[in-house]
Amino acid sequence: MKIWFLCPHCKHELNFEDLSQDAAPCPVCEKSIALRISERTRKDNVVEHCLICDCPQVYVQKDFNRTLGVSIFVAGAILFLICAWFNRLVEGTLVWAAFTVADALLYKYLPNVTICYKCHSQYREFNENPANTAFELGLAEKYDPLDKRAGAENPAAEWNSGR
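Residues numbered from 1 in each chain as written. Predicted model: local features only at pLDDT ≥ 70, side-chain atom pairs only at ≥ 80, totals over all residues. Heavy atoms only, no water.

**Student:** How should I be thinking about the pattern of salt bridges in this particular structure?
**Tutor:** Any two side chains of opposite charge can pair, on the condition that their charged atoms come close. Taken as a whole, this structure holds seven salt bridges when the rule is applied. For Asp-63, the salt bridge goes to Arg-124, with nearest N and O atoms at 2.7 Å. With Asp-63 in the loop between β5 (58–62) and α2 (66–85) and Arg-124 in strand β7 (residues 122–124), this pair connects stretches of sequence that are 61 residues apart. Classification of Asp-63 by relative accessible area gives partly exposed; the value is 24%. Relative accessible area serves as the criterion here: at 17%, Arg-124 is assigned to the buried category. (Salt bridge = Lys/Arg side-chain N within 4 Å of Asp/Glu carboxyl O. Helix = DSSP H or I, 4+ residues; strand = E, 2+ residues; numbered from the N terminus. Buried < 20%, exposed > 50% of the residue type's maximum accessible area, 1.4 Å probe, protein only.)

**Student:** Is there a simple way to explain the layout of surface pockets in this structure?
**Tutor:** To locate leftover empty space, one rolls a probe as large as a water molecule over the atoms. Considered as a void within the structure, the largest pocket measures approximately 280 Å³ in volume. Lining the largest pocket are 13 residues, with Phe-64, Gly-69, Ile-72, Asp-103 and Leu-106 positioned closest to its centre. Of all the secondary-structure elements, those providing two or more residues to the lining of the largest pocket are α2 and α3 (89–109). The leading source of residues in the lining of the largest pocket is α3, at six residues. Tallied by class, residues from the lining of the largest pocket come to eight nonpolar, three polar and two charged. Roughly 160 Å³ of internal volume is contained in the second largest pocket. Mapped onto the lining of the second largest pocket, the elements with two or more residues apiece are β5, β6 (112–116) and β7. Among the residues making up the lining of the second largest pocket, the classes are represented as four nonpolar, three polar and three charged. (1 Å grid on protein atoms, 1.4 Å probe; cavity = no way out; pocket = protein on both sides within 12 Å on 5 of 7 lines; lining within 4 Å. Points joined across faces, edges and corners; volume = space filled by probe spheres on them. Nonpolar A, V, L, I, M, F, W, Y, C, P; charged D, E, K, R; others polar.)

**Student:** What am I meant to see in the pairing of β6 here?
**Tutor:** The two faces of the sheet receive side chains in turn, since in a regular strand these alternate between them. Summarising burial for β6: four of the five residues are buried, a large majority. Here β6 folds back onto β7 in antiparallel fashion, the turn holding five residues, of which His-120 has a positive phi close to 65 degrees. (Pairing = 2+ DSSP bridges.)

**Student:** Sorry if this is basic, but what is going on with the packing of aromatic side chains here?
**Tutor:** In this description, a pair of aromatic rings is defined by centroid distance and the angle of the planes. Applying the stated criterion across every chain, the model contains six aromatic pairs. An angle of 80 degrees between the planes, with centres 5.0 Å apart, marks the rings of Tyr-59 and Phe-135 as edge-to-face. Here Tyr-59 is found in strand β5, whereas its partner Phe-135 is found in the loop between β7 and α4 (137–143), with 76 residues between them in sequence. The class of Tyr-59 is buried, set by a relative accessible area of 7%. According to the relative accessible area criterion, Phe-135 is partly exposed, its value standing at 43%. With a centroid separation of 6.3 Å and 25 degrees between ring planes, the pair formed by Tyr-117 and Tyr-143 is classed as stacked. Taken together, the positions of Tyr-117 in the loop between β6 and β7 and Tyr-143 in helix α4 put the pair 26 residues apart, joining distant regions of the chain. Put simply, the rings of Tyr-59, Tyr-117, Phe-135 and Tyr-143 pair up and form one aromatic cluster. Seen from the ring of Tyr-107, Lys-62 lies directly overhead, with NZ or CZ sitting 4.9 Å from the centre. The cationic tip of Arg-124 hangs over the ring face of Trp-4; the distance from NZ or CZ to the ring centre is 4.6 Å. (Phe/Tyr/Trp six-rings, centres within 6.5 Å; stacked < 30°, edge-to-face > 60°. Lys NZ or Arg CZ within 6 Å of the ring centre and 35° of its normal.)

Next comes the structure, spelled out in structure tokens:
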């Protein structure tokens, strides 16, 4: 399992692969970062909770760069519009079909990444945990409210996804 996270002390981006230890030193600020690794995580290589901040809620998504994904979509839309401008709707439809097939293949073959709602740590190269589900906006709002004012009431703070 590979873990990408921000140091809680200096906010430097770090990665960690050694699950045999209970702490990881930050190479920048040299402070120790406690890792909350359960025996099941060590034994089965699954993510049960965040190992950095101990948040019980994590979500799973495809490991794909969002900016690149939007860029591919925009390129397909522009190519379609160019074809439509020249009254080549069959070719434009084929362009959309090609982009749809490429998207489906990427979705099928790209691995999953598990992400913590609270500290946004990312976990790669792990075994699937069926208890971890896709992103839920209500849980994201619970751990990182959109209204960041001091003392702002968070209506989603008590929400639980029923797990």
